[in-house]
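Commentary on secondary and tertiary structure
Take a look at the letters that make up each chain.
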Amino acid sequence: MEDYPEELRTPPVSLVSIVGCPELHPSISAALSSQQPPMNTLALPDFAKASILARSGKPRDPLAPSQPPAGILKKDWLLKHRTRVPAAVAALFRADQVSGDPAQWLQACSDLENLKSAIQGKNTKLVVVLVQAQASDELSEDVTVALRKHAEIDSKHLVVLVEHDEAEWNRSLNKLKNVFVELCAAFYKEEGRRIKARIEKRNFASVELSIRYCFKVSIYAEFRRDWPEALKFYEEGVRVLREMIGTSTRLPPTQRLVEIKAVAEQFHFKISTLLLHAGKVVEAITWFRKHIRSYERVVGTPEVAFLHWEWFSRQFLVFGELIETTSTTIPDTLSPRFGTADNALTEWEFQPAYYYQLAATYLREKRYAIECSSSMANLTTEVNGVPESVMPSVYVGQYVRLFEQGDTVSVLPLSDTEYTSYALSEAERFQDSYEIIALFRKAYESFQSLGATRMASACSGGMAIEYYAAGDFSNAKQLFDSVAGLYRQEGWTTLLWENLGYLRECSMKLNSPKDFISYSLEMAALPLFSGSGAENRENKIKSGPAGSPTISRRENIQQEVINVLERKQSSEGTDDGFNNAMEEVTHLDIDQISPLRMVLTASVAFHDQSVKPGSPLLVSVSLLSHLPSPVVVDQLEVQFNQSDCNFVIHSTQEDSPPLDSNLRDQVVQDTSLTLFTNRWMRLTHEVKSGQSGKLECLSVKATIHKHLVICCHAESPASMEDFPLWKFENQVETLPTKDTALAFSGQKLIQVEEPDAQVDLVLNSAGPALVGELFTVPVTIESKGHAVHSGELKINLVDARGGGLLLSPREAEDSESHHVELLGVSTVSEDKESKEEADSIRKIQYSFGVVSVPTLSVGDSWSCKLEIKWHRAKSVMLYVSLGYSLGSSEEEALHRLNIHRSLQIEGQIPLLVSHQFLRPFRREPLLLSGIRSLGSDDKKCSLAMNESNMLIVTARNCTDVPLCLHSMTIQPDGDGEQLCSVPQISGISNGHAVVAPSEEYKGIFSVNPRAISTNFNLGEICLNWSRDSSLGEDQDRLIIMKEQLPEVSIEEPPLVVGMECPPYAILGIPFTIYVKIHNSTSLLQEIKYSLVDSQNFVFSGAHNHAAFILPKSEHIVSHKLVPLGSGSQQLPKITVTSVRYSAALTPSASAATVFVYPSEPKFNLETSHSTSDEIVS
């Protein structure tokens, strides 16, 4: 679009002319250009220059017959109307020129007459402007009337400018602008009406004039911003222009088509610009498609086809630039209808990249056409030569030749032959490749931004072809490689064939034999997708250097590779640099994602899944090739991750190469190693398994024609993937192995089992582990057939319930919070080295340890003890692994045998300790804290001061083994012993007490508080226990177990109710009970006393009683009772209520119980009783 003239690219702007007063021209011009729409100004300094406005053509004789037009559109007509033909002319006079000296008046009138004569016959409007210095300098009416009559203008076309008054200057300048706008609109309207009248009358016989008049009417409509009328006549002109293609005989055929296309290009540009300016994107694209269809087949003769493709490419380029520069967005409501019968547009047609790509494509067609035309025009050029002094004509799309004869220069028309020679010579001067590359790159970047990968790859391929044509093989190869990757991935075989052909040639030009061989083999292995056919020059140009994809072409390419390898006649186009770059042996590496996988694929499968070390096993090696011709393999080398298993299969041909001496012992002779296309070559070989571990086939190396080594990564038949490009081809599917099961499940690796270890690892356990004790686990290593070298014992403790951690994650930083802890390892010998080993283990981790095992001969043994401590009850898995080597050499040290043992150990709590507080028998103190805490959640126990309370501590054996309890004590906290004495009433006197599983041991303590305290800490319970050694347990160490007693509240009771009753009663014999209420306060206490009847007793005394108790004194109430039944009987319920504290005291049920004998019992008082420990079970 930049090649178009500016007057065509930009909308027409009205042109006015101002004559005289040159000092005012800049101000007036700036004012006119700043308005909307702007106006251009043709400023003439004085009236002597007015002749510029006069007609420059020769006057036509009205009586002479009309001559046919020499062309359709004149090149400079639009430029002339924008720069030299004003719509209005303003004559500027100062006031003193028309009102002063009569000579000046006459001069003004003369200038005005000259100006009128210059614009005579042009319909140009005239304006007279009078310039005054001040607004007060008004001219007389006679002067203005005389001047207006002389100029033959209306009064409104005479404008007065006031120069030195800014406000008046702006007002008068605006009036002048309005006058110009009105006159310009009238001028262009009249001019358009005049030309339109000719079209309507059709008083002309030439089609060229009809097209020219349509163009002029449209331009005049654009001058006055009448876009619909301009569009209407542009379309009419295009319609007439299409009809002219087959009817006009004014010019030779070739030049006639060139002129018609040049004019059509201008019309199309104007129509597209108007539609896009109006926001009609869909209409503009539809019009463009119509324009392209109209001229798509108007190519002309083959010799000038390149002119058609150049013009065709320019149409797409210009329209793409118009689409890119338009600010109108595509309406979303139209997108669902793209590509349908109702709307044949596709969404790509709204993208500029689409047009850039096609512009580059058709420009490349021009290059192909030039190559064809050059070969056809060589003979004509040699005979006639290229015409000289050819230049563009005054008409659009025409060319003429200048002829000089003496001092006379004349213009002569060109014949089609001369024009063809001239156009071809001009086309060959320019390098279109770089312009094509620029267009493809522009389209590529746009498609990439849109995420259209395939379209972008097509553009990238176009750039690569142009780089190749320009001789820039390095950039071409780089682009071809990137495009080929997408074609391989998506299976575009035809496009890949063409790409690989270019890559072959680039590799040859860049002297890269390895790449040349690689691309050639890939091409030869592509599936057959077209039959054999003749290959003409045009098809060769379209397919590029690859040629047509036929069977014979694939076979030729494979033979070219063989010739290059054997240093025979080289491929066409090779030079000495390529031959010098050839190596003695070319190596190609093929993995599972390599594009050369079609060339050669290696499948390896072991016949077994596992094998013992040193045992023979069978392995199948299968090769497949898609090359069209048979491939003779000189030798195959199969490589494993254990080099001792490598072997070579060697062909028995006479010209086979010598083998490597290192592999001479592993060579297998085979009669034939020939690969046929799409047929598996199956070989089975026996190898001897090596060391334990994984034995995997890594690669298969095939040596072909002595100078080519292809290394294929081995693939397992079970996981082998299809060939993407051959997946849908019509071919018989074959399996890599004859054994169907092996073909679907075979693997390229096998597990070589470890040899059976002849060392025994024994773990012993002494039952469950108890929390707090140092639990030992004996570990014994016995060598029964293997000597142990560099032995290493690994110990690991893991939570048996899963999770792995033996401590809470929140407590990981605290070493004492480990639930189970590995403390050390002790050996039988207590030397210094063993102690250092134990110390080192403590420094490793709390659940992991490593111990070095000394060298053991066959029959020797070694033992140690693992010391583990449980801090909390937890089930633990103990894993012990022994790793050792069979010898001390470096090779033997690399191969280690491992033995694994595990043992689950239950961690249990040894003793469950509980306690209970009992108040004095038949004494009930009134504790105020108990009254206050009735409605609260405080469960703290309260004890009465100076009362003998009982504490019963119970230790229950929670394990499955008997335990020895050596002592049970209460250790007071700080000065607690002075505030409260806790002597033991019942204890262990015979050294220890044996507590069987699930049994309990009870210790009784007396608690005597001496001071008041709300939060008193009695101390902690200390138990010394051990396992029962009488059952053979060797772990008889004393373990101290401590448990903190809860805090208690000690207070002085205001009232204490005590009840005195005989230890037993006799049926029918009365006895007396006493209720004593002691007031320990300094206040007078009022109490209420009540006794409830009981059917088991008859009593005397009042049922209810009230009394006042003096401070620090005691009140006694007595009752006489007669029992009516024998056995354990409940005494009548007694309730003492304190009025001051509103609290009632009732003796407990055990305190209110008495045993009634039916008769007087007789006790044997002579029998002596020894005090012994009482174990309450």
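Residues numbered from 1 in each chain as written. Predicted model: local features only at pLDDT ≥ 70, side-chain atom pairs only at ≥ 80, totals over all residues. Heavy atoms only, no water.

Named according to an unreviewed UniProt entry, the chain is Trafficking protein particle complex subunit 11 originating from Miscanthus lutarioriparius. In its Function (unreviewed entry) section, the UniProt record describing the chain reads: "Involved in endoplasmic reticulum to Golgi apparatus trafficking at a very early stage." What the UniProt record of the chain gives under Sequence similarities (unreviewed entry) is the line "Belongs to the TRAPPC11 family." (UniProt positions renumbered as here; feature names shortened; annotations may be inferred.)

1. Brief notes about the overall build of the chain
Counting secondary structure elements, the chain contains 27 helices and 53 strands. Counting over 1177 residues, the chain shows a buried share of 47%. Within the chain, counting contacts between residues at least 6 apart in sequence, those at least 24 apart form 74% of the total. Here the chain displays about 59,100 Å² of accessible surface, and carbon together with sulfur accounts for 49% of that area. (Helix = DSSP H or I, 4+ residues; strand = E, 2+ residues; numbered from the N terminus. Buried < 20%, exposed > 50% of the residue type's maximum accessible area, 1.4 Å probe, protein only. Contact = heavy atoms within 4.5 Å. Areas by Shrake-Rupley, 256 points an atom, 1.4 Å probe, with all protein chains shown as cover.)

2. A closer look at the pattern of salt bridges
Throughout the structure, instances matching the rule amount to 40 salt bridges. Here Arg224 ties to Asp226 by a salt bridge, and the two come within 3.7 Å at their closest N and O atoms. Using a relative accessible area of 24% as the deciding quantity, one classes Asp226 as partly exposed. The salt bridge involving Glu229 is made with Arg224; its shortest N-O contact spans 2.8 Å. Exposure remark for Glu229: the relative accessible area of 13% places this residue in the buried category. Residues joined in a network through salt bridges with shared partners are Lys196, Arg224, Asp226 and Glu229. (Salt bridge = Lys/Arg side-chain N within 4 Å of Asp/Glu carboxyl O.)

3. Describing the pairing of strand S18 (residues 693-704)
Strand residues, when the strand is regular, have side chains that alternate between the two faces of the sheet. Across 7 bridges, the pairing between strand S13 (residues 631-640) and S18 is antiparallel. Within the sheet, the bridge partner assigned to Val638 lies in S18 and is Val700. Bridge analysis of S18 against strand S20 (residues 749-752) gives 4 bridges, and the strand direction is antiparallel. Looking across to S20, one finds that Glu696 is bridged to Leu749. Bridge analysis of S18 against strand S19 (residues 708-713) gives 6 bridges, and the strand direction is antiparallel. Considered in S19, the bridge of Ser699 is made with His713. What sits between S18 and S19 in their antiparallel hairpin is a turn of 3 residues, with His705 showing a positive phi close to 55 degrees. (Pairing = 2+ DSSP bridges.)

4. Some words on the sheet that holds strand S10 (residues 601-606)
Pairing is antiparallel across the open sheet formed by 3 strands, whose spatial order is S10-S12-S17. Two strands bound the open sheet, and with one partner strand each, they are S10 and strand S17 (681-688). In this sheet, neighbouring strand axes are inclined to one another by 25 degrees on average, regardless of whether the strands run parallel or antiparallel. Sheet topology note: the S10/strand S12 (residues 616-624) ladder contains 6 bridges and is antiparallel. The partner of Thr601 across the bridge, within S12, is Leu624. (Axes fitted to C-alpha atoms, helices over the stretch in contact; angles between N-to-C directions.)

5. Observations regarding the packing of helix H2 (residues 25-34) against helix H7 (residues 166-201)
Contact geometry of H2 with H7 gives a least axis separation of 11 Å together with a crossing angle of 60 degrees. As the angle between them shows, H2 and H7 are arranged oblique. You can see that H2 and H7 cross each other, and the crossing is right-handed. Here Ser27, Ile28, Ala31 and Leu32 of H2 come into contact with H7, specifically with Trp169, Leu173, Leu176, Lys177 and Phe180. (Parallel < 35°, antiparallel > 145°, perpendicular 65-115°, else oblique. Left-handed = near helix turned anticlockwise from the far one by under 90°.)

6. As for unusual backbone geometry
Cis geometry is found at the peptide bond from Gln36 to Pro37, where omega equals -10 degrees. Inspection of the secondary structure assignment puts Pro37 in the loop between H2 and strand S2 (39-44). Although it is not a glycine, Ser998 adopts a positive phi angle of roughly 70 degrees. Mapped onto the fold, Ser998 is located in the loop between strand S37 (993-995) and strand S38 (1000-1009). With phi around 60 degrees, Lys1112 is a residue other than glycine that occupies positive phi space. On the secondary structure map, Lys1112 appears in the loop between strand S48 (1104-1109) and strand S49 (1114-1123). Relative accessible area serves as the criterion here: at 56%, Lys1112 is assigned to the exposed category.

7. A word on the packing of aromatic side chains
As enumerated under the stated definition, the model contains 35 aromatic pairs in all. Aromatic side chains Phe288 and Phe316 sit 5.1 Å apart centroid to centroid with 85 degrees between the ring planes, which places their arrangement in the edge-to-face category. Note that Phe288 is positioned in helix H11 (residues 281-295) and Phe316 in helix H12 (residues 305-325), a separation of 28 residues in sequence. Here Phe288 and Phe316 have matching classes, each one buried. Following the ring pairs from residue to residue traces out a cluster consisting of Phe288, Tyr295, Trp309, Trp311, Phe312, Phe316, Phe319, Tyr354, Tyr355 and Tyr362. Over the face of the ring belonging to Phe723 we find Arg597, whose NZ or CZ atom lies 4.6 Å from the ring centre. (Phe/Tyr/Trp six-rings, centres within 6.5 Å; stacked < 30°, edge-to-face > 60°. Lys NZ or Arg CZ within 6 Å of the ring centre and 35° of its normal.)

8. A few points about the sheet that holds strand S7 (residues 399-405)
Sheet architecture is open: 3 strands sit in the order S6-S7-S8, paired in antiparallel fashion. Of all the strands in the sheet, just strand S6 (390-392) and strand S8 (408-413) have a single pairing partner and so form its edges. Each strand of the sheet is rotated relative to its neighbour by a mean of 40 degrees, with strand direction disregarded. Bridging between S7 and S8 involves 6 bridges; their strand directions are antiparallel. Paired with Gln405 across the two strands is Thr408, which belongs to S8.

9. Re empty space enclosed by the protein
Counted according to the given criterion, the structure contains 2 cavities of 30 Å³ or more. Quantified by volume, the largest cavity comes out at close to 150 Å³. As for the largest cavity, its lining consists of 17 residues, of which Leu521, Gln558, Leu627, Val631 and Ile704 are closest to the centre. At the level of secondary structure, the elements contributing two or more residues to the lining of the largest cavity comprise helix H21 (551-565), S13 and S19. Top element by residues in the lining of the largest cavity is H21. It accounts for 4 residues. Grouping the amino acids of the lining of the largest cavity by side-chain chemistry returns 14 nonpolar, 3 polar and no charged. (1 Å grid on protein atoms, 1.4 Å probe; cavity = no way out; pocket = protein on both sides within 12 Å on 5 of 7 lines; lining within 4 Å. Points joined across faces, edges and corners; volume = space filled by probe spheres on them. Nonpolar A, V, L, I, M, F, W, Y, C, P; charged D, E, K, R; others polar.)

10. Some remarks on the pairing of strand S25 (residues 820-827)
Judged by how many residues are buried, S25 sits mostly within the fold: 7 of 8 residues are covered. When S25 meets strand S27 (residues 861-870), the two strands line up antiparallel, connected through 7 bridges. Following the sheet pairing, Val820 is matched in S27 by Trp870.

11. Describing the confidence of the model for the chain
In the predicted model, the chain carries a mean pLDDT of 82, and the fraction of residues at 70 or more is 86%. Within the chain, the lowest mean pLDDT, 47, falls on helix H24 (residues 832-842), and the highest, 94, falls on S19. Of the regions scoring below 50 in pLDDT, residues 656-661 engages in 9 contacts with residues more than four places distant in sequence or in other chains. Note on residues 1167-1177: pLDDT under 50 across the span, and 8 contacts to partners over four residues away in sequence or across chains. (pLDDT = per-residue confidence, 0-100.)

12. Let's talk about a nonpolar patch on the surface
Together, Met391, Leu402, Val409 and Val411 give the surface a local cluster of nonpolar side chains, amounting to about 310 Å² of exposed area. Tracing the chain through its elements places Met391 in strand S6. Here Met391 falls in the partly exposed class, since its relative accessible area comes to 33%. (Patch = residues over 30% accessible without salt bridge, like charges linked within 9 Å, V, L, I, M, F, W, Y side chains within 5 Å.)

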